[in-house]
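# Summary of structural features
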Amino acid sequence: MAKDNGFLYVVATPIGNLDDISQRAIDTLKQVDWIAAEDTRHTGRLLSHLGISAKTIALHDHNEKQRAASIILKCQAGESVALVSDAGTPLISDPGYSLVRQCREAGVRVIPIPGPCALITALCAAGLPTDKFHFIGFLLPKSQQRQNQLADVPAGVGTIICYDTARRIKDTLQDVTAVFGNDRELVLAKELTKTFEHLEYGTAAQITAWLEQDPQRCQGEMVLMIAPTPKADSEISDAAQTTLKLLLAELPLKKAAALTADIHGMKKNALYKLGLQWAGETE
């Protein structure tokens, strides 16, 4: 008689404080045959803390597509596998998408074991609107890439949430100013659930000044949240649009947006976004 398929469990693990792991997650990690980990050494420390002895296999960005086939075979042979990342919920800016999709296509049941997630942890304490939000994952490494990434976010999506590294957070704050202006409300969350957890509120310039007061503040994991676009910024008059179109015929977008903003008394980021939207429609 054929053996029943095993399951793939997607298990959220702590983002800092080890006490945040759920009892269900602990029970799952104890009973599965294998644990697929982003970094087996990192996960090994968590398992040791929990008193769990389990067989682990590495599954990360560089081997996921290839490793997925062997994991599916294990499940089809009746073994169960738990997928974990280094911290938080797998697949959320972490490996696992390809594996989960291939499991679904192969008929292997995928069971989520919910728990910590940095973006939700940050948002619920930020005091920014939570009815709508837009998560864009890790920001790109180069300044112009980041500016384009931020400018591509449509108006009206609510609070914008992104991850960034401590090494380039001050450069990112400059890019946020370039795209959204000097006055946009921001919240920077760092070291969430850890000893030096902190949420700093203010404009990009204010948060930059806070970071520069102590070099140790530019350390640890970062979640940056950007308040929604003020309604006035999303309303561009026909006259301003006409001016922008005329200037774009002769000037680069950044310069055209800045001049249009000066002429009509507007903030340039909304005009810059509109120009990018037009460019995308004509490609």
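By the naming in an unreviewed UniProt entry, the protein is Ribosomal RNA small subunit methyltransferase I, taken from Rheinheimera baltica. Heading Subcellular location (unreviewed entry) of the UniProt record for the protein holds this comment: "Cytoplasm". The Catalytic activity (unreviewed entry) comment attached to the protein in UniProt states, word for word, "cytidine(1402) in 16S rRNA + S-adenosyl-L-methionine = 2'-O-methylcytidine(1402) in 16S rRNA + S-adenosyl-L-homocysteine + H(+)".

So, on to the overall build of the protein. Helix and strand counts for the protein stand at eleven helices and ten strands. Each principal axis of the C-alpha distribution contributes one length, and for the protein these read about 75 × 45 × 30 Å. Across the 283 residues in the protein, those meeting the buried criterion constitute 45%. By sequence separation, contacts in the protein at least 24 residues apart represent 70% of the contacts at least 6 residues apart. Accessible area for the protein stands at about 14700 Å²; split by element, carbon and sulfur atoms hold 51% of it. One way to put it: in the protein the 29 positive side-chain charges average out to a point 3 Å from where the 33 negative ones average out.

With that settled, consider the UniProt feature "domain: RsmI HTH" (unreviewed entry) in the protein. In this numbering, the UniProt entry assigns the feature "domain: RsmI HTH" (unreviewed entry) to residues 235–278. Between the C-alpha atoms that bound residues 235–278 there is a distance of 16 Å. The span itself is 77% helix and 0% strand.

By secondary structure assignment, the location of Leu139 is in the loop between β6 (133–138) and α6 (143–151). Judged by relative accessible area, which is 3%, Leu139 ranks as buried. With 85 residues separating them along the chain, Leu139 and Leu224 place their C-alpha atoms 10.0 Å apart. For Leu139, the residues in contact, after removing those within four places along its chain, are Arg146, Gln149, Leu150, Cys162, Tyr163, Asp164, Arg168 and Thr172.

Here we take up the UniProt feature "domain: Tetrapyrrole methylase" (unreviewed entry) in the protein. Under the UniProt annotation, "domain: Tetrapyrrole methylase" (unreviewed entry) lies at residues 8–207. Segment residues 8–207 splits into 38% helix and 21% strand. End C-alpha atoms: 42 Å apart.

Glancing now at the packing of aromatic side chains. Per the stated rule, a full pass over the model turns up three aromatic pairs. Ring centres 6.0 Å apart and planes at 85° place the aromatic pair Phe7 and Tyr9 in the edge-to-face group. The exposure class of Phe7 is partly exposed, given its relative accessible area of 29%. For Tyr9, a relative accessible area of 10% corresponds to the buried category.

Side chains of strand β1 (residues 8–11) alternate between two faces, with Leu8 and Val10 and Tyr9 and Val11 buried alike. Pairing between β1 and strand β5 (residues 110–113): four bridges, direction parallel. When the sheet's bridge partners are listed, Val10 is paired in β5 with Pro112.

Enumeration according to the criterion identifies six salt bridges in this entry. For Lys194, the salt bridge identified is with Glu191, shortest N-O distance 3.7 Å. The partly exposed category is assigned to Lys194, whose relative accessible area is 34%. Relative accessible area serves as the criterion here: at 15%, Glu191 is assigned to the buried category.

At Leu91, a position not held by glycine, the phi torsion is positive, near 80°. With respect to the secondary-structure elements, Leu91 resides in the loop between β4 (81–84) and α4 (97–106).

Turning our attention to the state of the cysteines. Any covalent bond linking the sulfur atoms of two cysteines counts as a disulfide. Considering all chains together, one arrives at zero disulfides under this definition. Here Cys218 stays unpaired: no disulfide links it, and the sulfur of Cys162, its closest cysteine neighbor, is 15 Å away. On the accessibility criterion, Cys218 (21% relative accessible area) is partly exposed.

Thresholds applied
- Residues numbered from 1 in each chain as written.
- Predicted model: local features only at pLDDT ≥ 70, side-chain atom pairs only at ≥ 80, totals over all residues.
- Heavy atoms only, no water.
- UniProt positions renumbered as here; feature names shortened; annotations may be inferred.
- Helix = DSSP H or I, 4+ residues; strand = E, 2+ residues; numbered from the N terminus.
- Buried < 20%, exposed > 50% of the residue type's maximum accessible area, 1.4 Å probe, protein only.
- Contact = heavy atoms within 4.5 Å.
- Areas by Shrake-Rupley, 256 points an atom, 1.4 Å probe, with all protein chains shown as cover.
- Lys, Arg positive; Asp, Glu negative; His and termini not counted.
- Charge placed at Lys NZ, Arg CZ, Asp CG, Glu CD.
- Phe/Tyr/Trp six-rings, centres within 6.5 Å; stacked < 30°, edge-to-face > 60°.
- Pairing = 2+ DSSP bridges.
- Salt bridge = Lys/Arg side-chain N within 4 Å of Asp/Glu carboxyl O.
- Disulfide = S-S within 2.5 Å.

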